[in-house]
Structure formats: C-alpha cells, structure tokens
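Analysis of the macromolecular model
So you can see what is in the structure, the chains are spelled out below.
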Amino acid sequence: MSDMFETEDKLGAVLVQVQDDLRQLRRSVGKMTVSDGGETVDIQALDTAIHRTQRVIRNHAEEYLKIVNKQLLVLPSIEDTQRRTVQVPKWKPPLENIPEIRPQGGEGPSPGEKHKSALTMRLICNPAHPNNRATMHQKFGIPLPGVHKRSTHPATHQRVITGPVMGLHSIVPREHQSLALPEEDEGTGNAGMLDKKLSSSVPQASLLHTVIQHKAASLHHREDAHASRTAGCKSQCQKQLKFIEELGSTGEETSREHTPPRCTKTPPPSKSTEYRGMRQDSSGLPLEKPQSLLLVPGNISKFPFSIIEGRTNTMATDFCHFKQSFSLCWSNVVDVLEALEKLLGDFAVPLAKVRGERLAQLGFSWEMSWTKSPPVTDLLSVLDNRDEVQDLVFRPGQRYRGSGGIEAAAVHIQSSWRRHRAWTAYKRHRRRKWAAETIATSWLMHMQIRRVRKSLRERRLRQLENYHSRAQHLAANWKRIQSSKRTIIHIPSLGYSLSQRLSLRNFDFMQNIQINRLCDIRDVNVEVIYVSSQHLREDILDYYSSLLQLHGDAPAHSRRFVIVTPEAVDHFPNHNMCLSTLLKYSPRTLKRIRDLIQGKQAYIVGGLANVDDLAVADELGVPVLGPEPAVAQLYSTKSGGRRIFTGAEVDVPPGRGDIYTLNQLHEALAELMTQSVDVQRWLFKMDSEHGGGGTAFCDVCHLSCHSWALQECRRHGPKTWNTSWVQQPVRLRYLDEIPEWLTQYAQPAKTSCYPNWACFLKTFLRQGGVVEAYPPSDSVTCLTVDLLLEPGGEVTMLSCGDQLHGSCQLESIGSSVPQTSVRSDTLATICTRVGQACLQHSIVGYVSVDLATFLDHRTTEQKVWAVDLDLTYSDQLAMTQMVLIMTGGTLNCHTGHLEVPVPIAEKSLACQTTAKPPVAHHYAVIGRSLFHTSLSMLHHNVFFRMCKAHGIGFNMKRKQGTVFALYDSSERCSMGMITISEDLQGALLTFARNLSVIHQEISSPKTPGETNFKVLIKEVEDVLQRTAQNKVQAGKGNTSAKPICC
C-alpha cells in the first residue's frame, strides 16, 4: 500500500513537471523567429500544438486528481424530508473531558476490535444518531442532554448530514509526514497516530466536531450521477481557493456564536498523506476520526513570503510552504510571480511582503499570462506593504535605479530624442501643410473675389451704359414728357459714405423728411410713386390723403399717388443703409413699381446720388433725372463746389480747397490771412459735410500779430500790399503763430458731432476740406436757391428763401419764402451762371445753391458769395411744393413773389372782366425740422385738436394759416410747420406764436424737454427787429440795399 501511494505521488509530480516544461517551451517559441533550410517555421502552428498538448495533459492531471481525491458523502435514507427533520443540537460536550483511549497490552487490536472501534467513533461523531447519547455515556461516562423531539410539521430547514472531515495533515509540514505507520503506533490506530503527531507538530490543536449542512440530494441513474459529478468538478486549484474563502466565512460565523475566529489551511490533495486521510471504506464511513483545526486570525496572510530586491528565496520555509500548497496551479502562479519579481527588480524595491493567496488568485484569474503581464496596480494589490512599494514604484526616476536601469535610461533618452525629432518634423510638416492650405484657400478666395469684382464691374458698366442711353432719350424727349402724362418715382435716398451713415442718428427719419414730394401731383399730368424709408401708419397716410384732396378733384388726387416701403427695411433695421440700396434688395417692391409704371412715361428723381440708383433704374428700366453718381460724388463736395463756382465766374469767399495735410492747412491759412487781413473769422469745412456738422471756425482776434499785420497793410496801401515782397514778412509771422492759435482757439460749430478741435482735425485731414473766410460784416444773410437743370439744357429756378438758423449759426432749420435779401435780377444772373457751369460738367436734375450776402464796409455795396453747392433735391424745395399746393399759387423767383389767386368773393366786377385773374403776394415761413421730445407723448389727432383749440389752423378760403408736415408715426419727436400770410412780418409773428403755444402746452417748467423751439423763436424775433429797421430806413428815403438778416 505504501508503494502504491509513493507511485501516485511521483505520478502527480511528473504531471506538474510536464506542465512547467510545456509552459517554458511555449514562452521560448513566442520569442523565436528563425528559418530552417530556407523554409520559414510556422510559429503560430507550433504554438497552437504546444497549447493543445498542454491542455490535454492538464485535463489528464485533473482526471487523475479526481480519482485520487474522490470523496463520497453519506446520503440520508430515502424518506419524506418534509415529515422528518433532524435538528442539530446546540449543546457540545467539553472536548477536554474525553479521555484518550489507548489499547492495553503490547499486542495490536484484532480485526474485530478495529471494526468495533471504528463503529464507535462513527457514532460519537454523529450527534444525530439515536445511539450517540448511549455510547457517550457508556464509553466516556458523559451524560448528554435530551435531544429535541422530531416535529411532525414539514421541515423548514435543510437536512443535516455528515461527511468526511479533513484532518490536520495539511498543516503538518511535509517533512513530518510519513507514508507508512510506525510499528509502535499500529496498535493505537489512526486516531492515536494523529494525536501523537499533532502533539509534536501542532501543540495547541484541539479536537472540534464539524457539522456539514447540505441540501437534500436527488437520486439519479448511475450514468447521470457520474456525469453530473464529472461536469460539476472544477480544477483542484479552484477548489483550494474556494475552500480557503469558505473557511474564512466559517470563521466569521463562528465568531458570531461567541467562538474565537478560526480559519483552516488545506494542503494540496495530491499528497499521499491526504489521500490516505480522505479515503473511505465501501460503506462511506471515514477511516479516521475528525482532527482539530488550526486557529489563524482572518486579517493575517495564510501564505506570506518576502521578495528581497526583486528576488524570491526559493529555499525559504514560507515560500516552500506556499509552493507546496498551490502546486497544482503553480503554472499560473509562477507567471504572476515572475512578473512581480521583474517589477520589483526594475524599480529596486528592497523588500516586498507578498500575500500568497492573493497571488494565487491573481494568477488563476489572469487569462493572458504568457502573452502579457498583469497591470501594475493588480501586481501591487497582492502586497502587504502596498503603500510603501507603490510610493517607490511611482517615484520619478526610480525605474533607472533597478535592474537594467542604465539600458532603460538609454532607451528612454533615445526614444525621447526620436520622439522630439518626429514631433519637430511633424510640426514642420503640419505648418507647411497649413501654409499650403492657407495659400490655396487665399488663392481660391482671391480668384473668387476677382471674378465677383469683375462681374460687378461689368454689371455696373452695363448699368452706366444703360443710364447714359436712357439719359439721352430723356434729354431728346424732355419737352414732350413735361407736357404729357408722366409718373415720377421719388426715392429720397441719401448716398453718404458708410462712415457718415453709421455716425448719423435717426438716418431713416432723415431720408423720410422729404415726404412732401407727394405735392408734385398738383400738376394734373403727374402721378407720384413715393418710396418711404420707414413704415407709415394709417394716421399719417390719412393725413396726407386728406391734405392732398383739398386741391382739385379729391378722388382723382387719391389715385395719383402711391407710397411704398421696401421689405428690406425689416431685414436691415440698424444698418443705416441708403434708401436706394434697400430698394435694390427688395424684389417685391420693385415688382410692384414695375406693375405701376407699365406702359407709362416714368423717370426717377433721387436724392444724393449713389451707385445703387443705377441698379434700381436698370431693374425698373427707367431713366434717372440726376447726374452720374461719380460726377455727383466729385462736385457735391466743398472743394468740388468751389471749382464749379470758379468756372461760373461768380464771387466766392477767399479760401482754398483740397487740403489733406496739416502743413498744407497752415501754409494755405497763412497765405489767405495775409491777402485778406480784414477777415475776422475763418471757417474750416469738410468736403463731405452736410447740415453744418462738419464745420469749425477760429477768430483772428486771438492772434498777437494780427494788429501788426493791419498796421502794415494800412502803411503800404491797397495797391502796394498786393505785391508778394511786402506780404512775405507778414505771412511768415502768421505761419509761426497759426499752429498754436488753432490748437487753443479753434472750435467745431457743433460740439455734438466733434467735441474738440483735435477730433475735428483728424477727420478733416482724412476726408479733405476747404478753408474759407466768413463774410466780414455784422449783418450776414444766407439764402438757398433750388434749380432744375433740365436735360434739354435750360435752367429753372424753383424756390428761393432766406435761411433761419438754430443754435448753430451755420446750420439752417428753416427759411422764409420768397427771399427778400438779394435783388431778383442779381439772383437770377448768379443762378443762371451756376446752372450753366453745372450743365457743362454733365450735371442735370435738381441742384441747391447756398449764397451769403452782406454789405462791404469799404464800398458800402452789397456782395453775394456762393458758399455751397448740393446736387440733390433739397428739403426747402419739398416744403415749397407743400406751400404751392396749399395756396394754389406759383412762386416767381425772377420777380421774387409768391403769387396766390384772390378768392372769388373778394373780386370786384371790373376784375371779373379782365383776362388774367388778380393775384395776391403772400409770404411763407418754413420750419422743416422742429424738434421737441414732449411731442412723443401726444398722438397726432390729439395734437391737432390742441392746435384747433388755440386757433392754429389753415383758412382754405383766404389761403392763409398754418400747415404741419408729419414725418414719423412711431417716435413723433419731429415735425415741420408752414405759416402763410399776406406779408412777411405777419408770417414770422404767426410762426413764433405757434411755437410758443405748442411749447407751453406740451411741456412744463419742471420737465421742459429737449427742443429747438426757443432758439428758433429768438431767431424770428431778431429777423422781425431788423425788418422793422429796414422799413424805417426805407421810409426815410434810404435806398441802400441792406439785406434782411434771417
């Protein structure tokens, strides 16, 4: 029997050795890359064959272990488990009172005694047996308490059965175990032998009865039972690990029953001693008595060993015990162990304490043991001193202090250098690629923009050619068109530059201030299409409809004007786009206008010319009554206007245009001041200035050398003073003082646009401008004349009026029509010359000329200077059209009278027989831009009721009174007003009274609001005072032509 056990032990060792050899061979094959006889060896096929052989040997080893370690449990008798239930008694006998039974005499027990002793031990170990109490009392004299009686109810817990209990052979070292029994122990049996060995090897072991609980097992056929046992078995390593975990949980349960925690260690069952200890006889009874278990705390490793400086001492007792315990799964454990040793050696870890059971569990759970090492965190999890080792492993540079550190450092340096070179090359390549893409994209964009610009140039050239061809047709047929039915498309667009448009507030309101162009329908042959820059509400539409119906046939007037608003106004609310541009991007509005003018003679009357005017005209297929946009942009500037005036040979103020640099400004100003020493104020006007916002001034009285220059001029006399050698010292003196003089004393006319001289000068030099002299007089009157330069070559004066100024003396906010400051023939001559000069420069359409008149103190003669030229339809002309349609009269600028037909009720009988009906000369005062913030609190109907309550209105029978012009229905802060009377003084008084009444009604002393009413009232009072002075002088026979300062 001993020889058989030894053979089986050797066979298990051989199987383990074969598995180790196959694992080493498989690793070697994975690293081998050779060719045999010119033929390449298939490494993958060889690896597969080795893997298959290893799996077969492992299966045979497991089958061998199953046969060797086959254990049979004693099944209960087949009975109704629901009726019979055996409860395990909680009472246990004191083990220390059980006497040790040893045979008497020197001879061994007989076979009968041995069988009887084994039966007795079986009864003792089974507390549930009916004879257990009697045997214990008979053999050992221990009276046991009564067992609970069996319950007749169905059992609610599992049946208690007994099975073999493994002895303490597993915890006895291998060198203390023997395969044969000694002769002196043969008589004592297995129990005595084990007690003796345990007393020498494990002194503190005690006997403990172990009860195993199982579920009721179901019976199967012989083949099924064998198959189920075969299929349900796992590898021996799994059993060992699972058994260790179960023992740990059993120890915890035992501690809950006030029993010290215990856990057992189970040696590998392949040893012969274990095989002998677990054998059973044919009846299923164990051949040896239950042994005591080792008491080990649960928080201490069961198989600890140490790794010093990356190496394991294979001869150490703890490691040998660990290797012996997990010998069957050592092939998996050794892979993880080698990986752990390599990790600790690479990082020069001096000491690592390993928990063997965790290492074995990691080796069994790691599936890629021969191709890839476990992660570092998993390897470190098997250590007791994990924190210390982890700090050391993750310390920077620690890898290069361990085994192969120099080579690893060299590899790291080389890889870092290669990575740096590759990254540098990649960045260079990426930068070049980005540059190539940028160049390609820029080139494509450039070509695309070039194509777009080319197409735009071609389109604009085509539009310009169409403009010229239609202008020629308009000029050839102008007389016929003027005498026949026609449609006028009014587009009051302000084609300012982008910077100007963005700097202006309420730009849409400024483009709608000429809504009075609707009054062109006073000609029965005219139909008007007015394009509005904002949506007009019903109150304004109803107002103008009722206002225009007062003249002539009411139904006919309502059908002869249409107000349209481009839909692009809603899409570009804050872009300050000119009206022609908005109309260009409004296809529905263009289609509507085309439908309205289909089959009719029509032309466009715009505002300040813009290139989009040509696009709109080309879309509608109609001519434009106006200059070419490029020509208009050139001559609508201050410098361009001076060139026109110089060509027309009219008087202009001393000055110079086209100034773009500071040195040029200083030199021009020094020369002008030297030539005109009597000028007291000099003006600086931007070329693109409109409305007086781009004007600054500076008085010469602040110059210290000015009085000396006057003395020099008087000393030399007028004739000698005009020579250059006389003026040279004065000019140099001026040139030295002008820079500081401008810096300290020059100021903008409207500080709301430019707060100081520095800001004004920056814009002035960027846009260019002119330097002009202000008239050297205390009484200066400015007037505006509107001309129509017909395409046929004739010049017609449409309106003329003396200007009314607001807070800025250079800004006009109203006028009195007709003008009374200049003789009519002189004015006609000047306007005819200017008109002819404009026609020579291909300027047609509506033109506005600003003049300044004053008395020369040296000659006491009236002088008229041409100061400004606007190539656009003016606000004054639009308000004049409203005056004419309300009075039904005509404005004769050659005579300077507003002729209004006398009502029939006032005609005499003699007058009725005359061929020409009598007319009366009326005067009108126009305020085109009256502003008051409190007006927004009143709706238009409420405002008109208030005016009616104060007697502010228009008398249709006498053609006198007040008329309002409404521009906006949303904010309602601005409006226009016209007062008409038989004389100028009456019109001015009515205008001032209306402003005073409206201001008192809509404002209070606490909240007066922002307004220009007070300034305008003061201006009207000054005009009335000077008018009265002129009448007194005229009554005394003074025929001097002193102008009325308006």
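First things first, this report covers the structure right here in the doc. This structure is a prediction, so every number in the text was calculated from the model and none was measured.

1. Overview of the overall build of the protein
Looking only at helices and strands, the protein has 35 helices and 27 strands in total. For the protein, with 1046 residues in total, the buried portion stands at 43%. The contacts of the protein with a sequence gap of at least 6 include a subset with a gap of at least 24, amounting to 72%.

2. Quick word on helix 25 (residues 638–648)
For helix 25, the buried fraction is high: 8 of the 11 residues fall into the buried class. Along helix 25, the residues that are buried comprise Lys638, Ser639, Gly640, Gly641, Arg642, Ile644, Phe645 and Ala648. One or two residues past the end of helix 25 sits Glu649, with phi positive at roughly 60°.

3. Describing the environment of Ser816
Relative to the assigned elements, Ser816 resides in strand 19 (residues 812–817). Taking relative accessible area as the criterion, Ser816 reaches 2% and is therefore assigned buried. Ser816 sits 111 residues away from Gly927 along the chain, and the two C-alpha atoms are 8.8 Å apart.

4. Some remarks on the pattern of salt bridges
Within the structure shown, the criterion is met by 25 salt bridges. Residue Glu772 is joined to Arg642 by a salt bridge in which the shortest nitrogen-to-oxygen separation is 3.3 Å. Of this pair, Glu772 sits in strand 16 (residues 769–773) while Arg642 is found in helix 25, placing the two residues 130 residues apart along the sequence. This pair shows no difference in class: Glu772 is buried, exactly as Arg642 is. Here Arg858 and Asp678 are joined by a salt bridge, their closest N and O atoms 3.8 Å apart. With Arg858 in the loop between strand 20 (845–855) and strand 21 (862–870) and Asp678 in the loop between helix 26 (662–675) and strand 13 (681–686), this pair connects stretches of sequence that are 180 residues apart.

5. Quick look at the packing of helix 14 (residues 405–476) against helix 23 (residues 611–620)
Two numbers describe a pair of packed helices, the interaxial angle and the distance between the axes. It is at 9 Å that the axes of helix 14 and helix 23 come closest, and there the two elements cross at 70°. Judged by the inter-axis angle, helix 14 sits roughly perpendicular to helix 23. Two secondary-structure elements touch here, helix 14 through Gln463, Leu464, Asn466, Tyr467 and Arg470 and helix 23 through Val611, Leu614, Ala615, Ala617 and Asp618. Residue composition of the contact of helix 14 with helix 23, by class: 6 nonpolar, 2 polar and 2 charged.

6. Quick word on the packing of aromatic side chains
Tallying each qualifying case throughout the model produces 23 aromatic pairs. Note on Phe303 and Phe322: the rings are 6.5 Å apart at their centroids and 55° apart in plane angle, and the pair reads as tilted. Placement of the pair is Phe303 in the loop between helix 8 (272–278) and strand 5 (304–308) and Phe322 in helix 9 (residues 317–325), with a sequence separation of 19 residues. For Phe303, a relative accessible area of 3% corresponds to the buried category. Owing to a relative accessible area of 0%, Phe322 belongs among the buried residues under this scheme. Counting every residue linked through ring pairs, the aromatic cluster contains Phe303, Phe305, Phe319, Phe322, Phe326 and Trp330. Taking the ring centre of Tyr774 as reference, the NZ or CZ of Arg681 above it sits at 5.8 Å.

7. Digging into the packing of helix 26 against helix 28 (residues 724–745)
Running from N to C, helix 26 and helix 28 cross one another at 130°; their axes reach a closest spacing of 8 Å. On the basis of their axis angle, the class for helix 26 and helix 28 is oblique. Like other packed secondary-structure pairs, helix 26 and helix 28 cross with a definite hand, here right-handed. On helix 28, the residues touching Leu665, His666, Glu667, Leu669, Ala670, Glu671, Met673, Thr674 and Gln675 of helix 26 are Gln727, Val730, Arg731, Tyr734, Leu735, Ile738, Pro739, Trp741 and Leu742.

8. Structural notes on the pairing of strand 5
Side chains Phe305 and Ile307 project from strand 5 onto a buried face, and the interleaved Pro304, Ser306 and Ile308 project onto a face without burial. One ladder, built from 5 bridges, connects strand 5 with strand 7 (residues 351–355); its direction is antiparallel. Residue pairing in the sheet places Ile307 in a bridge with Ala352 of strand 7. Sheet topology places strand 5 next to strand 6 (residues 311–312); 2 bridges connect them, and they run antiparallel. Bridge pairing links Ile308 to Arg311 in strand 6.

9. Considering the sheet that holds strand 7
Ordered in space as 6-5-7, the 3 strands form an open sheet in which the pairing is antiparallel. Two strands in the sheet have a free side with no partner beyond their single neighbour: strand 6 and strand 7. Against the sheet, helix 11 (residues 356–365) makes contact with strand 5 and strand 7, and its axis sits at roughly 70° relative to strand 7, the strand it touches most.

10. Regarding the side chain of Thr674
Examined against the element boundaries, Thr674 turns out to sit in helix 26. Those residues in contact with Thr674 that lie beyond four places of it in its chain are Trp721, Gln727, Val730, Arg731 and Tyr734.

11. Some thoughts on the environment of Leu620
Mapping Leu620 onto the fold places it in helix 23. The exposure class of Leu620 is buried, given its relative accessible area of 9%. Distance from Leu620 to Ile597, taken between C-alpha atoms, is 8.8 Å for residues 23 residues apart in sequence. Those residues in contact with Leu620, other than ones at most four positions away along the chain, are Ile489, Leu590, Ile593, Arg594, Ile597 and Ile604.

12. Some details on helix 23
Because an α-helix completes one turn every 3.6 residues, residues spaced three or four positions apart along the sequence face the same direction. Within helix 23, 7 of the 10 residues are buried, leaving the element largely enclosed by the surrounding structure. Looking at helix 23, one finds that the buried residues are Asp612, Asp613, Leu614, Ala615, Val616, Ala617 and Leu620. Contacts from the buried residues of helix 23 go to helix 14, strand 8 (486–490), helix 21 (579–584), helix 22 (587–596), strand 11 (602–605) and helix 24 (629–635). With a side-chain oxygen lying 2.9 Å from the backbone nitrogen of Asp612, the N-terminal cap of helix 23 falls on Asn610. Once helix 23 finishes, Gly621 follows within two positions and takes phi at roughly 75°, a positive value.

Scoring rules and cut-offs
Residues numbered from 1 in each chain as written. Predicted model: local features only at pLDDT ≥ 70, side-chain atom pairs only at ≥ 80, totals over all residues. Heavy atoms only, no water. Helix = DSSP H or I, 4+ residues; strand = E, 2+ residues; numbered from the N terminus. Buried < 20%, exposed > 50% of the residue type's maximum accessible area, 1.4 Å probe, protein only. Contact = heavy atoms within 4.5 Å. Salt bridge = Lys/Arg side-chain N within 4 Å of Asp/Glu carboxyl O. Axes fitted to C-alpha atoms, helices over the stretch in contact; angles between N-to-C directions. Parallel < 35°, antiparallel > 145°, perpendicular 65-115°, else oblique. Nonpolar A, V, L, I, M, F, W, Y, C, P; charged D, E, K, R; others polar. Phe/Tyr/Trp six-rings, centres within 6.5 Å; stacked < 30°, edge-to-face > 60°. Lys NZ or Arg CZ within 6 Å of the ring centre and 35° of its normal. Left-handed = near helix turned anticlockwise from the far one by under 90°. Pairing = 2+ DSSP bridges. Polar contact = N/O pair within 3.5 Å; in protein donor to acceptor, adjacent residues only side chain to side chain.

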